[in-house]
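Commentary on secondary and tertiary structure
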Protein chains: 2
Amino acid sequence: MSFDIVSKENAKIKYVKKLAFNENFRKRERYFTAEGLRLCYDIFLSGVSIDEIYYTNEAAKKFSEKIDELISYAKRAYCVPVEILKEISDTKTPQGIVCLCEKLDKQFSLNTISSENKIIALEDIQDPGNLGTILRTAEALGMNFIVMSKGCCDFYNPKVLRGSMGAAFRAKTFFADEICNAIECLKKVDFKVLGAVPDKSASLITDVNLSGRIAIVVGNEGNGLTQGVLDVCSQKVTIPMLGRVESLNAAMAAGILMWEIMREVRG
Amino acid sequence: MSFDIVSKENAKIKYVKKLAFNENFRKRERYFTAEGLRLCYDIFLSGVSIDEIYYTNEAAKKFSEKIDELISYAKRAYCVPVEILKEISDTKTPQGIVCLCEKLDKQFSLNTISSENKIIALEDIQDPGNLGTILRTAEALGMNFIVMSKGCCDFYNPKVLRGSMGAAFRAKTFFADEICNAIECLKKVDFKVLGAVPDKSASLITDVNLSGRIAIVVGNEGNGLTQGVLDVCSQKVTIPMLGRVESLNAAMAAGILMWEIMREVRG
């Protein structure tokens, strides 16, 4: 059994490891890593180009057909021992496959949005699990345009990509330098922009007309939406709640609001 | 400044640490720990008795009023240095307060359920974050009776308690040795039991009559509901989905289904 790379000190391994664990390095290099058969295969199916793939013999045997496809699709492929793969993996029990890709260049101009009628916008969502879940849910509920503020956690964080179940690679995304400006742009092209708040004085989501162009804005886990964002929203909306909890988890609130919009679309 | 405990080798500290990190030990001892001012205070407000409280001087200064209340409420209180508190904390940046409580004894008999009309039942939910989120959402959406299968993650896992935002201490719970038997019991007292599946052939949740006694059953993150459970459910229900994701996150699915039930209750 021969390996293409056998040392943890190999420059490629050190580079990939740094990408997997260091957000600033990902930002600077404009590359990211993805791990696991399903996620790597989703990248392939989404037509995103794969620069390098690292796999173990064990994975090649277990998932032979799909790994073969991925190996021919990637520009370069390296078979590595399990202990090298563990170096570049961020899971406890790695499946034995990691790929390296250039970041997606999918900035859409908000002014030219045409077919998208339903948008979710996120202000400073910090938890990678929440962001991944929101992406996954947004796709399932038919909202495939996502606006994210600069303060959101890194879109290419391995936990975000995994949690999204591949939806990250299929979603249309806009990373807003200034989310208030993005909201103003959306309003100019006739979006009703709804700011989600855990506040009984806001309109109940069930009382709001959700037909036509709708954008829902959901805020940070601890602090909710900033006043600046609320000031530019068309309307504040809330999910009616009982009991003593003061708010829903941010991903859950986003999910229920997106579900309400889908409900309206389905009629 | 004087401390009540100064050594990590102190028997009490070792005991509390083991409880915080070891599920089997929690099971055997029938005690659990909770961390953070908000959670400890929620325990106090819920009337659950606190055996011991461990706090730092820093926390006592920062949250003086509430910590004082907690200290008088607890049977015993110990002021400890920050490095000792870190030993018994499972968060990266501890707030400086941990309490030790006896497990709640809140097993309800399913046969005598009277006022509860809306129940959520969980089969083998594995992720503590998901279980915590489900408890938090269940309370907010008015479902305060939770049935959990033996295969669910530990209810007293610190991540569950924190994620529930205290709802864990207020919910009525039933830990079912055999979840199929529990479902049969619910059906005998006129519950319609809906098994959640990501399956287009199941009834859309929006098409199901959700008035009266309703129990929603949600399954494991990876595998969904077992056939055994599906066989005893009154009906299979699903959330309509678009896109290429094959299912929603388990907590999200539970949340949307509970929301639909609340929608029905509100009329």
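The rules behind each value
- Residues numbered from 1 in each chain as written.
- Chains lettered and ligands numbered in written order.
- Predicted model: local features only at pLDDT ≥ 70, side-chain atom pairs only at ≥ 80, totals over all residues.
- Heavy atoms only, no water.
- Contact = heavy atoms within 4.5 Å.
- Buried area = accessible area lost by both parts, 1.4 Å probe.
- Salt bridge = Lys/Arg side-chain N within 4 Å of Asp/Glu carboxyl O.
- Polar contact = N/O pair within 3.5 Å; in protein donor to acceptor, adjacent residues only side chain to side chain.
- Disulfide = S-S within 2.5 Å.
- Buried < 20%, exposed > 50% of the residue type's maximum accessible area, 1.4 Å probe, protein only.
- Least-squares fit on C-alpha atoms with pLDDT ≥ 70 in both.
- Pairing = 2+ DSSP bridges.
- Helix = DSSP H or I, 4+ residues; strand = E, 2+ residues; numbered from the N terminus.
- Phe/Tyr/Trp six-rings, centres within 6.5 Å; stacked < 30°, edge-to-face > 60°.

Another point: the interface of chain B and chain A. On the side of chain A, 38 residues touch chain B, which itself brings 38 residues to the contact. When the buried surface of chain B facing chain A is broken down by residue, R244, M252 and W259 of chain B rank first, second and third, together holding 21% of it. If you look at where chain B meets chain A, you find four salt bridges. Across the salt bridge formed by E260 of chain A and R263 of chain B, the nearest N and O atoms sit 2.7 Å from each other. On inspection of chain B and its partner chain A, the count reaches 14 residue pairs in polar contact (both at pLDDT 80 or more).

Turning to the state of the cysteines, a few remarks are in order. Residues and elements named next belong to chain A. Following the criterion strictly, the structure yields zero disulfides over all chains and no others. Not engaged in a disulfide, the cysteine C233 finds its nearest cysteine sulfur in C180; these two sulfurs lie 8.2 Å apart. Given the relative accessible area of 10%, C233 is considered buried.

For the rest of this paragraph, the subject is the relation of the copies chain B and chain A. In screw terms, the move from chain B to chain A is a rotation of 180° and a rise of 0.1 Å along the axis, fitting with an RMSD of 0.1 Å. In symmetry terms, the pair is related by a two-fold rotation axis. Most of the interface of chain B is mirrored in chain A, where 100% of its interface residues are also at the interface.

The next subject is the sheet that holds strand β11 (residues 235–238) of chain A. Reading across from one edge, β7-β6-β5-β10-β8-β11-β9 (chain A) is the order of the seven strands in this open sheet, with parallel pairing throughout. Here the strands that pair on one side only, and so sit at the sheet edges, are β7 (172–176) and β9 (203–204) of chain A.

What the rule picks out here adds up to 32 salt bridges over all chains. One salt bridge in this structure joins R26 of chain A and D154 of chain A, with 2.6 Å as the shortest N-O distance. On the criterion of sequence distance, the pair formed by R26 of chain A in helix α2 (residues 23–29) and D154 of chain A in the loop between β6 (145–149) and α8 (158–163) is long-range, its members being 128 residues apart. The salt bridge partner of R162 of chain B is D90 of chain B, with a shortest N-O separation of 2.8 Å. Taken together, the residues span a long stretch of sequence, with R162 of chain B in helix α8 (residues 158–163) and D90 of chain B in the loop between α6 (82–87) and β4 (97–102) at a distance of 72 residues.

Residue and element names in this part refer to chain A. In the structure shown here, the tally under the stated rule is 16 aromatic pairs over all chains. On the numbers, 5.5 Å between centres and 75° between planes, the contact of Y15 with F25 is edge-to-face. With Y15 in helix α1 (residues 11–21) and F25 in helix α2, the pair connects residues that are ten residues apart, well separated along the chain. A relative accessible area of 25% means that Y15 is categorised as partly exposed.

Examined against the element boundaries, V245 of chain A turns out to sit in the loop between β11 and α12 (250–266). According to the relative accessible area criterion, V245 of chain A is buried, its value standing at 6%. Those residues in contact with V245 of chain A that lie beyond four places of it in its chain are R136, E139, A140, S164, M165, A167 and R170 of chain B.

Now for the pairing of strand β4 (residues 97–102) of chain A. Residues and elements named next belong to chain A. For β4, the buried fraction is high: five of the six residues fall into the buried class. Relative to β4, strand β1 (residues 31–35) runs antiparallel, the two being bridged by five bridges. Across the sheet, T33 pairs through a bridge with L100, a residue of β4. Of the strand pairs in this sheet, strand β2 (residues 50–55) and β4 are connected by five bridges, and their pairing is antiparallel. Opposite Y54, over in β4, you have V98 as the bridge partner.

The next subject is unusual backbone geometry. One non-glycine residue, D124 of chain A, lies in positive phi territory at about 55°. Take D124 of chain A: it is sitting in the loop between β5 (118–122) and α7 (128–140). Residue classification places D124 of chain A among the partly exposed positions, given a relative accessible area of 25%. Residue R30 of chain B is not a glycine yet carries a positive backbone phi of 60°. By the element assignment, R30 of chain B lies in the loop between α2 (23–29) and β1 (31–35). R30 of chain B gets classed as partly exposed once you look at its relative accessible area, which sits at 43%.

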